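Here is what each chain is made of, one letter per residue.
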Amino acid sequence: MSDQKNKENKVYPTTEEDLSLEDSLNASHASNLSSSCNSEGLDSSSESEVLKKKKRTTSPNPSSFMVAASPPKFINFETLMQAANGVKNMSLAHEIAVDSEFQLQKHQPKEHSIEKQVKEVMHRAFWDSLSDQINADPPHFSHALILLQEIKENLVSLLLPQHQRIRSQIAEVIDLDLIRQKNRQ
């Protein structure tokens, strides 16, 4: 009964001094135990096991690892839609990578649909207008210059950031300021 009371009333060290004091007491107790073990004929491996069991380790304070919660971050609808489009793009890229028979097919409107007729009329009007401007006397190149600028922007947008040499070649060949200047002469 007195053994049980001693266990209940045991005081655990709380400061560094108390811990070092208890470690030194444990070390002296371990050496006494070791000498008694040697006299009883125990080997050094069992001695090291006893020392490991006797050694007290301190566990870190769990509150020191805790991180305070971040406040909620609110996003607008546009950011949410951009994230959703990114997920769609990743899903498509995954499908392309996994399915070896995956194919993108060009949308072809039905033969006599309004969509197909509007598309044909718009294409014909665009190219007729461009050819009329170029074939006029004197030729008018404003529309062609706008197209050339769009072509240059699209070519540059296809390049990776490290493609500086190709980017400079495109800027040199499609120099819109020089082309406009030549057009005025």
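Rules and cut-offs
Residues numbered from 1 in each chain as written. Predicted model: local features only at pLDDT ≥ 70, side-chain atom pairs only at ≥ 80, totals over all residues. Heavy atoms only, no water. Helix = DSSP H or I, 4+ residues; strand = E, 2+ residues; numbered from the N terminus. Buried < 20%, exposed > 50% of the residue type's maximum accessible area, 1.4 Å probe, protein only. Contact = heavy atoms within 4.5 Å. Areas by Shrake-Rupley, 256 points an atom, 1.4 Å probe, with all protein chains shown as cover. Salt bridge = Lys/Arg side-chain N within 4 Å of Asp/Glu carboxyl O. Axes fitted to C-alpha atoms, helices over the stretch in contact; angles between N-to-C directions. Parallel < 35°, antiparallel > 145°, perpendicular 65-115°, else oblique. Nonpolar A, V, L, I, M, F, W, Y, C, P; charged D, E, K, R; others polar. Left-handed = near helix turned anticlockwise from the far one by under 90°. Phe/Tyr/Trp six-rings, centres within 6.5 Å; stacked < 30°, edge-to-face > 60°. Patch = residues over 30% accessible without salt bridge, like charges linked within 9 Å, V, L, I, M, F, W, Y side chains within 5 Å.

Asks: When you look at the overall build of the protein in this model, what are you seeing that I'm missing?
Replies: Of the regular secondary structure elements, the protein holds eight helices and zero strands. Of the regular secondary structure in the protein, the N- to C-terminal order runs α-α-α-α-α-α-α-α. Evaluated residue by residue, the protein yields a buried proportion of 8% over its 185 residues. Within the protein, contacts between residues separated by at least 24 positions form 31% of all contacts whose residues are at least 6 apart in sequence. Summing over all exposed atoms, the protein offers an accessible surface of approximately 16600 Å²; the carbon and sulfur share of this is 57%.

Asks: How should I be thinking about the pattern of salt bridges in this particular structure?
Replies: Working definition: two side chains of opposite charge can pair if their charged atoms are close together. Within this structure, the stated rule accounts for two salt bridges. Taking the shortest distance from any N to any O, the salt bridge between K116 and E111 comes out at 3.4 Å. Between D177 and R180 there is a salt bridge; the shortest N-O distance is 3.8 Å. Pair noted here: D177 and R180 are both in helix α8 (residues 176–184), with a separation of three residues, about one helical turn. For D177, a relative accessible area of 57% corresponds to the exposed category.

Asks: For this particular structure, what's the right way to read the packing of helix α6 (residues 142–158) against helix α7 (residues 164–173)?
Replies: Describing two packed helices takes the angle between their axes plus the distance from one axis to the other. Their axes nearest at 10 Å, the elements α6 and α7 cross at an angle of 175 degrees. Here α7 runs roughly antiparallel to α6, going by the angle between their axes. Across from K152, L155 and V156 in α6, the residues of α7 making contact are R167, I170 and A171. Considering only residue class, the contact of α6 with α7 consists of four nonpolar, no polar and two charged.

Asks: Could you clarify how one ought to interpret the packing of α6 against α8 in this entry?
Replies: Axis separation between α6 and α8 bottoms out at 11 Å; the angle between their running directions is 165 degrees. The angle between α6 and α8 places the two elements in the roughly antiparallel class. For the element pair α6 and α8, the recorded crossing hand is right-handed. Residues L145, L148 and Q149 of α6 touch α8, and the partners they reach there are L176, I179, R180 and N183. The residue makeup of the contact of α6 with α8, split by class, is four nonpolar, two polar and one charged.

Asks: Where do I start with the packing of aromatic side chains in this structure?
Replies: Summed over all chains, the structure comprises one aromatic pair. Each ring, one from F126 and one from W127, has its centre 4.9 Å from the other, and the planes form 85 degrees; the classification is edge-to-face. F126 gets classed as partly exposed once you look at its relative accessible area, which sits at 29%.

Asks: What is the right way to look at the environment of L147 in this model?
Replies: Looking at where L147 falls in the secondary structure, it is placed in helix α6. When the C-alpha atoms of L147 and L130 are compared, they prove to be 9.9 Å apart, with 17 residues separating the residues in sequence. What L147 contacts, discounting residues up to four positions off in sequence, is F126 and L130.

Asks: Is there a simple way to think about a nonpolar patch on the surface in this case?
Replies: A surface patch of nonpolar side chains, amounting to about 410 Å² of accessible area, comprises I75, F77, L80 and M81. Overall, the relative accessible area of 43% leaves L80 in the partly exposed class.

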